[in-house]
Amino acid sequence: MTIEDRPRVLVLGGGYAGLTAAARLGESATGSVTLVDLKDEFVERIRLHEVAAGATPRALPYAPFLALRGVGFEQAKIAILDPAARLVTIDRPDGTRAALGYDVLVYALGSRTDPGAVPGAAQYAHRLDTLAEARAICRRLAAGPRGTRIVIAGGGLTAIEAAAEVAERWPDHAVTIAVGETFGPASTPGALSPAAIAHVEACFARLGVRIVRARITRLAPDAATITTGESLPFDLAVWAAGFGVPSLAREAGIAVNARGLVVTDHALRSVSHPDIIAIGDAAEVRTEPGGPARMSCAVGRPMGAHGATTVGAVATGAIPAPFAFGYSFRCVSLGRADGLIQFVDETDRPLDSVWTGARGARWKEYVCRRTLNGIGLDPELGPPPDTPPPRPERRPA
């Protein structure tokens, strides 16, 4: 294949999945590759709770990283996606508009926290989706007097990590987490085991975090109403309950599910537009043996690597291989000196085995750095600090 024959590959979104795909495509010289993202640097989303509490993030600019791999970069907002014409219209920061053509598109626009279902949440709560939002939370925490009341909405990993991090770094503030009525141990995919829940509760007790087992149903400027009818006064609210995806794919006529995720086949191709490969949080992916992929960098980065392989197959007319993935563990930071590693079976169902305390914190930190290493942003880290237990046989559904 000559340079002129190489396909034009456009990657929309520079998160864990999109940046992995762009890097792999550049390294394999699959085609002429360009990454488009609204930001000018990669953001470690799994560390934004640390930034919100006061940590300094690493600077990881896209342009030099991609240039080393022969990949172009456009900092821009995606305005229009036209799959019929194979065109993406972008708006650059300088106010200019441009149209980018493609032969193969990698759709990796990720997800954002979705406050839309609760009145007042979008207006009165901060979120942990971007570096700017995390820094805004940090400024509010730093400016608040002793006893500043923080309410965190959500019972998932982001909310748990944020509550622990803020409480540890700002012990003079009062942190409350509204986890919902169903917070507790379960055996379903994505759940935590009894031992894991017990450790989270013990950590919150140690850090002085108040747990409210109710959902927030409405936010006012200074108080949250919960399902019991009670009110939780706050000086700062952080919304970490539920995720949504951009509407771009739906608006473009690409087949999506009820949540707006691009429906894909076994190789991550759109079922309606096979020249579009969808990866990461914005894709509905079912894999063997893992089952439905949950929104996470744990799946997103491997999806990005496989998506690049599928692009190569699509570009050459070959039959792409199916995406295979199985879960191993789930990592939760609980401040800087404590962590929780929940081991799971291949379908993401929790097992009895957990690591906690300093051992859990060491492993969580290693996994965060290993994720960057997998993208290509960090050097080889060497062996992990501990050896995980053997993967058990798959549990029956």
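Residue numbers run consecutively from 1 along every chain, following the written order of its sequence. Per-residue local features are limited, in this predicted model, to residues with pLDDT of at least 70; the limit for side-chain atom pairs, both in listing and counting, is 80 or more; totals at the level of whole chains, interfaces and linings are taken over all residues. No hydrogens and no water enter the side-chain calculation; it runs on all heavy atoms of the structure.

A. How the structure looks around the overall build of the protein. Helix numbering and strand numbering both begin at the N terminus, where a helix is a DSSP run of H or I of at least 4 residues and a strand a DSSP run of E of at least 2. In terms of helices and strands, the protein carries 10 helices and 26 strands. The C-alpha radius of gyration of the protein comes to 21 Å, within 12% of the 21 Å expected for a compact globule of 397 residues. The dimensions of the protein, computed from C-alpha atoms along their principal axes, are 65 × 50 × 40 Å. For this analysis, residues touch if any pair of their heavy atoms sits within 4.5 Å. Summarising the internal contacts of the protein: among those between residues at least 6 apart in sequence, 62% fall at separations of at least 24. Separation of charge centres in the protein, based on 42 positive and 41 negative side chains, amounts to 2 Å. This radius of gyration counts C-alpha atoms alone. The globule rule is 2.2 Å times how many residues there are, raised to the power 0.38. Neither His nor the chain ends contribute to the count of charged residues, in which Lys and Arg are positive and Asp and Glu negative. By convention, the point assigned to a charge is CZ for Arg, NZ for Lys, CD for Glu and CG for Asp.

B. Layout of the sheet that holds strand 24 (residues 329-333). Between any two strands, pairing holds if DSSP finds at least two bridges. Ordered in space as 24-25-26, the three strands form an open sheet in which the pairing is antiparallel. Both edges of this open sheet fall to strand 24 and strand 26 (350-356), since each of them pairs with a single strand only. Within the sheet, the average angular offset between the axes of one strand and its neighbour, ignoring direction, is 20 degrees. In the sheet, strand 24 pairs with strand 25 (residues 339-344) via five bridges, with the strands oriented antiparallel. Residue pairing in the sheet places Val 332 in a bridge with Leu 340 of strand 25. Fitting a line to C-alpha atoms yields each axis, with helices limited to the stretch in contact; the angle taken between N-to-C directions then spans 0 to 180 degrees.

C. Here's a closer look at the pairing of strand 6 (residues 97-101). Residues Ala 98 and Leu 100 of strand 6 are buried on one face, while the alternating residues Arg 97, Ala 99 and Gly 101, pointing to the opposite face, are not. Of the pairings in the sheet, the one linking strand 5 (residues 87-91) to strand 6 comprises five bridges and is antiparallel in character. Within strand 6, the residue paired with Asp 91 across the bridge is Arg 97. Linking two consecutive strands that pair antiparallel, namely strand 5 and strand 6, is a turn of five residues; a positive phi of about 95 degrees is found at Gly 95 within it. Three labels apply to residues, based on accessible area from a 1.4 Å probe with only protein chains included: buried if under 20% of the type maximum, exposed if over 50%, partly exposed otherwise in between.

D. Quick peek at the nonpolar core. Among the nonpolar cores identified, the biggest contains 58 residues, and Leu 19, Phe 42, Leu 81, Val 88, Tyr 107 and Ile 279 are the most heavily contacted of them. Contacts of Leu 19, omitting those with residues within four sequence positions, involve Gly 13, Gly 14, Leu 35, Phe 42, Tyr 62, Phe 65, Leu 66, Ile 375 and Leu 377. Grouping buried Ala, Val, Leu, Ile, Met, Phe, Trp, Tyr and Cys residues that are joined through side-chain atoms within 4.5 Å yields what is termed a nonpolar core.

E. Fine view of the side chain of Ser 333. Position of Ser 333 relative to the elements: it lies in strand 24. Residue class for Ser 333 comes out buried when judged on its relative accessible area of 3%. Any pair of nitrogen or oxygen atoms within 3.5 Å is treated as a polar contact; in protein, a donor-acceptor pairing is required on top of that, and neighbouring residues in sequence qualify only through side-chain atoms on both sides. Reaching out from Ser 333, the side chain makes a polar contact with the side chain of His 49 at a distance of 2.8 Å. Excluding its chain neighbours within four sequence positions, the residues that come into contact with Ser 333 are His 49, Glu 161, Glu 165, Asp 338, Gly 339 and Lys 364.

F. Quick look at the packing of aromatic side chains. For this analysis, a ring pair means two rings from Phe, Tyr or Trp (six-membered ring only for Trp) whose centres lie within 6.5 Å, classed as stacked if their planes differ by under 30 degrees, edge-to-face if by over 60, and tilted for the remaining angles. Inspection of every chain in the model, using the stated rule, returns nine aromatic pairs. Here Trp 355 and Trp 363 contribute two aromatic rings whose centre-to-centre distance is 5.5 Å and whose plane-to-plane angle is 85 degrees, an arrangement assigned as edge-to-face. When sorted by exposure, Trp 355 lands in the same class as Trp 363, which is buried. Pairwise contacts between aromatic rings join Phe 329, Phe 343, Trp 355, Trp 363 and Tyr 366 into one cluster.

G. Examining the packing of helix 6 (residues 157-169) against helix 7 (residues 194-207) more closely. For the pair helix 6 and helix 7, the least separation of the axes is 10 Å and the interaxial angle reads 25 degrees. Regarding the angle of helix 6 to helix 7, the classification is roughly parallel. Judged by the twist between their axes, the crossing of helix 6 over helix 7 is left-handed. Along its contact with helix 6, which presents Ile 160, Ala 163, Ala 164, Ala 167 and Glu 168, the element helix 7 presents Val 200, Cys 203, Phe 204 and Leu 207. Every angle not falling under 35 degrees, over 145, or within 65 to 115 is termed oblique; those three ranges are roughly parallel, roughly antiparallel and roughly perpendicular. If you view the pair so one helix is near and one far, a crossing is left-handed when the near helix is turned anticlockwise from the far one by less than a right angle, and right-handed when it is turned clockwise.

H. Quick peek at the sheet that holds strand 14 (residues 223-226). Pairing is antiparallel across the open sheet formed by three strands, whose spatial order is 13-14-15. Since the sheet does not close on itself, it has two edges, and those belong to strand 13 (216-219) and strand 15 (231-233), each with one partner. Across the sheet, the mean angle separating the axes of adjacent strands is 25 degrees when strand polarity is ignored. Judged from the three bridges that link them, strand 14 and strand 15 form a sheet pairing that is antiparallel.

I. Main features of the layout of surface pockets. Here the second largest pocket is characterised by a volume of approximately 220 Å³. Along the wall of the second largest pocket there are 18 residues; nearest its centre are Glu 44, Arg 47, Thr 56, Pro 57 and Arg 58. Those elements that provide at least two residues to the lining of the second largest pocket are helix 2 (48-53) and helix 10 (357-375). Any residue that is not Ala, Val, Leu, Ile, Met, Phe, Trp, Tyr, Cys, Pro, Asp, Glu, Lys or Arg is counted as polar, Gly included; the first ten are nonpolar and the last four charged. Residues that form the lining of the second largest pocket fall into these classes: nine nonpolar, one polar and eight charged. Cavity: a set of points on a 1 Å grid over the protein atoms alone where a 1.4 Å probe fits but cannot get out. Pocket: an open set with protein on both sides within 12 Å along at least five of seven lines, its lining residues, like those of a cavity, having an atom within 4 Å of a point. Grid points are joined across faces, edges and corners, and a volume is the space filled by probe spheres set on the points.

J. Seen up close, the packing of helix 1 (residues 16-28) against helix 10. Direction vectors running N to C along helix 1 and helix 10 enclose 35 degrees, while the axes themselves pass 9 Å from each other. For the pair formed by helix 1 and helix 10, the contact residues are Tyr 16, Leu 19, Thr 20, Ala 23 and Arg 24 on the first element and Thr 371, Gly 374 and Ile 375 on the second. Of the residues assigned to the contact of helix 1 with helix 10, the class counts are four nonpolar, three polar and one charged.

So far we have only geometry, and geometry alone does not tell us how the molecule works.
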